[in-house]
Number of protein chains: 2
Amino acid sequence: MTDSSGPRIYFSASISGGREDAPWYAALISALTRHGSVLTEHIGSPDLSDSGEDGPGDMEIYTRDIAWLHEADVVIAEVTTPSLGVGYEVARAAGMGKPVVCLFRPEAGRRLSAMIRGNPAMRVIEYGAADDLENVAERAMSAMSGG
Amino acid sequence: MTDSSGPRIYFSASISGGREDAPWYAALISALTRHGSVLTEHIGSPDLSDSGEDGPGDMEIYTRDIAWLHEADVVIAEVTTPSLGVGYEVARAAGMGKPVVCLFRPEAGRRLSAMIRGNPAMRVIEYGAADDLENVAERAMSAMSGG
């Protein structure tokens, strides 16, 4: 959490849905910490497997994550790997009136759900291996402020 | 839509997230039509691939599906295959005050997201290959009515 004076960022990404993109999550979180404090830094950890967190039970995780969503100024979701939790969180965040940006890598060969792609409340930013992630983080943050 | 006098059921299941469970969706929809009208019968179609529906664009699909969610009396989601759209829909449905039941097959070897499993607004029913789907549909419908 480098810039603790900046906005509080809820970074949402797949856990139970699969961890194959975890290195992307870690790199994006690292780039985002230059713009604000990331409440959910654990999402990028290589130690976090698809069997979830060691320790807290499901109700504790749910309660904590919803509290973090309420605290957050902005929500950035990595949506390339399909995930029930990410879909749930972006819907809740939009319902709370939070700005939501979804980051999607078309080169992974998946189709993005119409519930995200066709949704006027979601900004979608596409990126890929050729992009500098500092620049992707900057585009995400400026999309939030209407840029 | 066999029982058009019964409740309107929004059946939610993975499309873009993967269609490997499509035969389960078709069988569950068939069992549910004995209890009410299923607004989203196309979700069970073997012709529907993970590249989505032929025809309507993403905004049309989003607008139609949200209208169906508003119309629905109950929402039944098959949550075994991780899906952004399903996660999004169950969050929206719960936000609208609709009863939501999530059907999950542990034998598929996946962990169910804490956003569903730890969520007091979601009833989770586990089932598997040994279960009669007529009975699973009945359990889902009676869970809605507080049974």
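Anyway, here's the lowdown on the structure attached to this text. (Residues numbered from 1 in each chain as written. Chains lettered and ligands numbered in written order. Predicted model: local features only at pLDDT ≥ 70, side-chain atom pairs only at ≥ 80, totals over all residues. Heavy atoms only, no water.)

1. Here's the deal with the pattern of salt bridges
Residues and elements named next belong to chain B.
Move 1: For the coordinates displayed, the defined rule picks out 16 salt bridges over all chains.
Move 2: For R34, the salt bridge identified is with E134, shortest N-O distance 3.4 Å. Linking R34 in the loop between α1 (22-32) and β2 (37-38) with E134 in helix α5 (residues 133-144), this pair joins segments that are 100 residues apart in sequence.
Move 3: A relative accessible area of 59% means that R34 is categorised as exposed.
Move 4: A residue is classified by how much of its surface remains accessible, and E134, at 31% relative accessible area, is partly exposed.
Move 5: Among the ionic pairs, R64 bridges to D65, the shortest N-O distance being 3.0 Å. (Salt bridge = Lys/Arg side-chain N within 4 Å of Asp/Glu carboxyl O. Helix = DSSP H or I, 4+ residues; strand = E, 2+ residues; numbered from the N terminus. Buried < 20%, exposed > 50% of the residue type's maximum accessible area, 1.4 Å probe, protein only.)

2. Focus on the pairing of strand β3 (residues 74-78) of chain A
All names here are of chain A.
Move 1: With five of five residues buried, β3 is to be regarded as a mostly interior element.
Move 2: The side-chain alternation of β3 yields two buried faces, one formed by V74, I76 and E78 and the other by V75 and A77.
Move 3: Bridge count for strand β1 (residues 8-12) against β3 is four bridges, and the pairing is parallel. Directly across from F11, in β3, lies its bridge partner I76.
Move 4: Examined bridge by bridge, β3 and strand β4 (residues 100-104) share four bridges and lie parallel to one another. Pairing of E78 across the sheet is with L103, part of β4.
Move 5: Taken together, β3, helix α3 (residues 84-95) and β4 form a β-α-β motif whose crossover is right-handed. (Pairing = 2+ DSSP bridges. Right-handed = clockwise from strand over helix to strand, strands pointing away.)

3. Considerations on the pairing of strand β1 (residues 8-12) of chain B
Residue and element names in this part refer to chain B.
Move 1: Within β1, four of the five residues are buried, which leaves the element mostly enclosed by the surrounding structure.
Move 2: Relative to β2, β1 runs parallel, the two being bridged by two bridges. Each residue of the ladder has a partner; that of I9, found in β2, is V38.
Move 3: Each parallel crossover has a hand, and for β1 linked through α1 to β2 it is right-handed.

4. A few points about the sheet that holds β1 of chain A
Within a sheet, adjacent strands bond to each other through the backbone by hydrogen bonds, running parallel or antiparallel.
Move 1: With parallel pairing, the five strands of this open sheet are ordered in space as β2-β1-β3-β4-β5 (chain A). Unpaired on one side and paired on the other, β2 (37-38) and β5 (122-126) of chain A mark the two borders of the sheet.

5. Structural notes on the relation of the copies chain B and chain A
Comparison of the two chain copies shows a relationship of rotation about an axis with a shift along it.
Move 1: Mapping chain B onto chain A leaves a residual RMSD of 0.0 Å; the transformation is a rotation of 180° accompanied by 0.0 Å of translation along its axis. Such values leave the two copies arranged in the relation of a two-fold axis.
Move 2: Here 100% of the interface residues in chain B have copies in chain A that are interface residues too; the copies meet face to matching face. (Least-squares fit on C-alpha atoms with pLDDT ≥ 70 in both. Contact = heavy atoms within 4.5 Å.)

6. Quick notes on the environment of I15 of chain A
All names here are of chain A.
Move 1: Within the secondary structure layout, I15 lies in the loop between β1 and α1 (22-32).
Move 2: On the basis of relative accessible area, I15 is assigned to the buried category, the value being 17%.
Move 3: Expressed as a C-alpha distance, the spacing of I15 and G85, which sit 70 residues apart in the sequence, is 8.0 Å.
Move 4: In this structure, I15 is in contact with I43, L48, S49, D50 and G52, ignoring residues within four places of it in sequence.

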